[in-house]
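# Observations on chain architecture
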Amino acid sequence: MALPAQDERTMPAVVLRDIARRPLDHVLTELYALIEQYGYVVVVCSPATPEPVVRRLHTLRSLLESDRIALFRPELPPLGIAVLARQLRQLASCDLSPGVLASAGRLLTHYIHAGAVLGSVAKLDRVPVGLKAHAKSWVPGSQFAVLAHPEPQLVRIGPDVTLKGPEFGTWLLVAKGQLQSDWAAGLGTAWNAHGVRETPLPAESPVWWGTGRMIEFCSYLADLSVLYQLVTSVRQTSCHWCGLDVIGDRCVFCSATPPGHEPPAPRALEQRTPA
């Protein structure tokens, strides 16, 4: 899902639609045109993306014999993926090299809190679920709040029940599925968010969470200046294989790991002021 632009500088998204069903040569031509137009392409997709689509992406990259295509599948729920892709679109308007921009995605995942309110956890396999929670999910009217990233949490919704959230200022994005609940919106107050915004539910969300009776939510950094400062504060190195400037412990384009590299710890953001 491509989210609307966060600001006037946010670069537009290019959605590769139905790439596993369309003729191979059509998709190949489309991807080649993108490389010719932009120089480098970062493909961001969810771990819930169907395997035929993932195989087609690898086939396209191989046929083009291109190290200018990065395939990035961060361990985030679908709404978190959409938020991260928009953050990269924001940063694409800045003076960052392709390697730094692509590897910035791995850094920014540390600052995303993504979860959902679920009517059942019976088919949830992305987050550890105890037997007690499984049993309670069969009780009519039960609802659960689940945080999948950065640290798994699962609670049964009740009075004064919340989830541990970010300790820095964020916005909260909420996507409603087939569940009636105001709990997710109230999470914005509990997490001291700058505000709450709504968006349609990503198509892959019911598959990822194991149910369509859900409301997905994600807290994120929206300010471009903060995102840029986070990325540029990390030491850059040159990939010893392809020569691109990168941050972190692996080049997203060629997957090479710098010899003897120690990945930097995520930078701590300023503590929020308690309400």
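As the structure is a computational prediction, the values presented were derived from the model and not from experiment.

## Observations regarding the overall build of the protein
Along its length, the protein carries 8 helices and 10 strands. Counting only contacts in the protein whose residues sit at least 6 apart along the sequence, the fraction spanning at least 24 positions is 73%. Carbon and sulfur atoms form 52% of the exposed surface of the protein, whose accessible area is close to 14000 Å².

## Considerations on the sheet that holds strand E7 (residues 196-199)
Within the open sheet, the 6 strands sit side by side as E5-E4-E3-E8-E6-E7. Their pairing is mixed. The two strands at the open ends of the sheet, each matched to only one other strand, are strand E5 (153-156) and E7. With strand direction ignored, the average angle separating the axes of adjacent strands in the sheet is 20°. The pairing of strand E4 (residues 144-149) with E5 spans 4 bridges and is classified as antiparallel. Counterpart to valine 146 in the pairing with E5 is leucine 154.

## Considering the pattern of salt bridges
Across all of its chains, the model carries 4 salt bridges by this definition. For arginine 21, the salt bridge goes to aspartate 18, with nearest N and O atoms at 2.5 Å. Exposure remark for arginine 21: the relative accessible area of 68% places this residue in the exposed category. Its relative accessible area of 41% is what places aspartate 18 among the partly exposed residues. Across the pair lysine 176 and glutamate 198 runs a salt bridge, and its minimum N-O distance is 3.6 Å. Taken together, the residues lysine 176 in strand E6 (residues 171-176) and glutamate 198 in strand E7 connect sequence positions 22 residues apart.

## Some words on the side chain of serine 103
Structurally, serine 103 can be placed in helix H4 (residues 98-108). Note on serine 103: relative accessible area 2%, which makes it buried.

## Things to note about the confidence of the model for the protein
The share of residues in the protein with pLDDT of 70 or more is 89%, and the mean pLDDT across the chain is 86. Per-element confidence in the protein ranges from a low mean pLDDT of 53 for helix H5 (residues 131-136) to a high of 96 for strand E8 (residues 214-220).

## Focus on helix H8 (residues 224-232)
Since the α-helix packs 3.6 residues into each turn, any two residues three or four apart lie on the same face. By the burial criterion, the buried members of H8 are Leu224, Leu227, Leu230 and Val231. The buried residues of H8 all sit within an arc of 125° when viewed along its axis, so they share a single face. Where H8 is buried, its residues touch helix H3 (78-91) and H4.

## Quick notes on the pairing of strand E3 (residues 113-118)
With 6 of 6 residues buried, E3 lies mostly within the body of the structure. Sheet topology places E3 next to E8; 6 bridges connect them, and they run antiparallel. Note on E8: the bridge partner recorded for histidine 113 is serine 219. In this structure, E3 lies alongside E4, joined through 5 bridges in antiparallel fashion.

## A look at the packing of aromatic side chains
Here the distance between the centres and the angle between the planes together describe a pair of aromatic rings. Within this structure, the stated rule accounts for 5 aromatic pairs. Between tryptophan 191 and phenylalanine 217, the ring centres sit 6.0 Å apart and the planes meet at 75°, which makes this aromatic pair edge-to-face. In this pair, tryptophan 191 sits in the loop between helix H6 (183-190) and E7 while phenylalanine 217 sits in strand E8, placing the two residues 26 residues apart along the sequence. Neither tryptophan 191 nor phenylalanine 217 differs from the other in exposure class; each is buried. Arginine 197 extends its terminal NZ or CZ atom over the ring of tryptophan 171, reaching a point 3.7 Å from the ring centre.

## A few points about the nonpolar core
With 33 residues, the main nonpolar core has Val83, Leu91, Leu96, Leu108, Ile112, Val231 and Ile247 as its most contacted residues. Mapped by element, the contributors of at least two residues to this core are H3, H4, E6, E8 and H8. Among the elements that line this core, the one with the most residues is H3, at 7 residues. Once you skip the residues sitting within four places of it in the chain, leucine 96 turns out to touch Leu91, Leu101, Tyr228, Val231 and Thr232.

## What to know about a nonpolar patch on the surface
Taken together, the side chains of Met11, Val14 and Tyr38 make up a nonpolar region of the molecular surface, amounting to roughly 270 Å² of accessible area. Relative to the helices and strands, tyrosine 38 resides in helix H1 (residues 24-38).

Rules used in this analysis
- For every chain, the first residue of its written sequence is number 1, and the numbers climb from 1 along that sequence.
- A pLDDT threshold of at least 70 governs which residues receive local features in this predicted model, and a stricter bar of 80 or more applies before side-chain atom pairs are shown or counted, although totals over entire chains, interfaces and linings include all residues.
- The side-chain quantities take in all heavy atoms of the structure and omit both hydrogens and water.
- Under the scheme used here, helices are H or I runs from DSSP no shorter than 4 residues and strands are E runs no shorter than 2 residues, and both carry numbers assigned from the N terminus.
- Two residues qualify as a contact provided that any one of their heavy atoms is within 4.5 Å of a heavy atom in the partner residue.
- The accessible surface values rely on the Shrake-Rupley method and a 1.4 Å probe; as for residues, cover is taken only from the protein chains in view.
- DSSP calls a pair of strands paired once it identifies at least 2 bridges connecting them.
- Inter-axis angles, ranging from 0 to 180 degrees, are taken between N-to-C directions of lines fitted to C-alpha atoms, where helices are fitted over the stretch in contact.
- Salt bridges are counted wherever a side-chain nitrogen of Lys or Arg sits within 4 Å of a carboxyl oxygen of Asp or Glu.
- For the exposure calls, accessible area comes from a 1.4 Å probe over protein chains only, and a residue counts as buried if that area is under 20% of its type's maximum, exposed if over 50%, partly exposed in between.
- pLDDT expresses how confident the predictor is about each individual residue, on a scale running from 0 to 100.
- What the arc describes is the spread of directions from the helix axis to the C-beta atoms.
- Two rings belonging to Phe, Tyr or Trp (six-membered ring only in the last case) form a pair when the distance between their centres is within 6.5 Å. Interplanar angles under 30 degrees mark stacking, angles over 60 mark edge-to-face geometry, and anything in between is tilted.
- Both a distance and an angle decide whether a charge sits over a ring: NZ of Lys or CZ of Arg must be within 6 Å of the ring centre and within 35 degrees of the ring normal.
- For the purposes of this section, nonpolar cores are sets of buried Ala, Val, Leu, Ile, Met, Phe, Trp, Tyr and Cys residues that join through side-chain atoms within 4.5 Å.
- Exposure above 30% relative accessible area and no salt bridge define the residues that can form patches, which grow by joining like charges within 9 Å and nonpolar side chains of Val, Leu, Ile, Met, Phe, Trp and Tyr within 5 Å.

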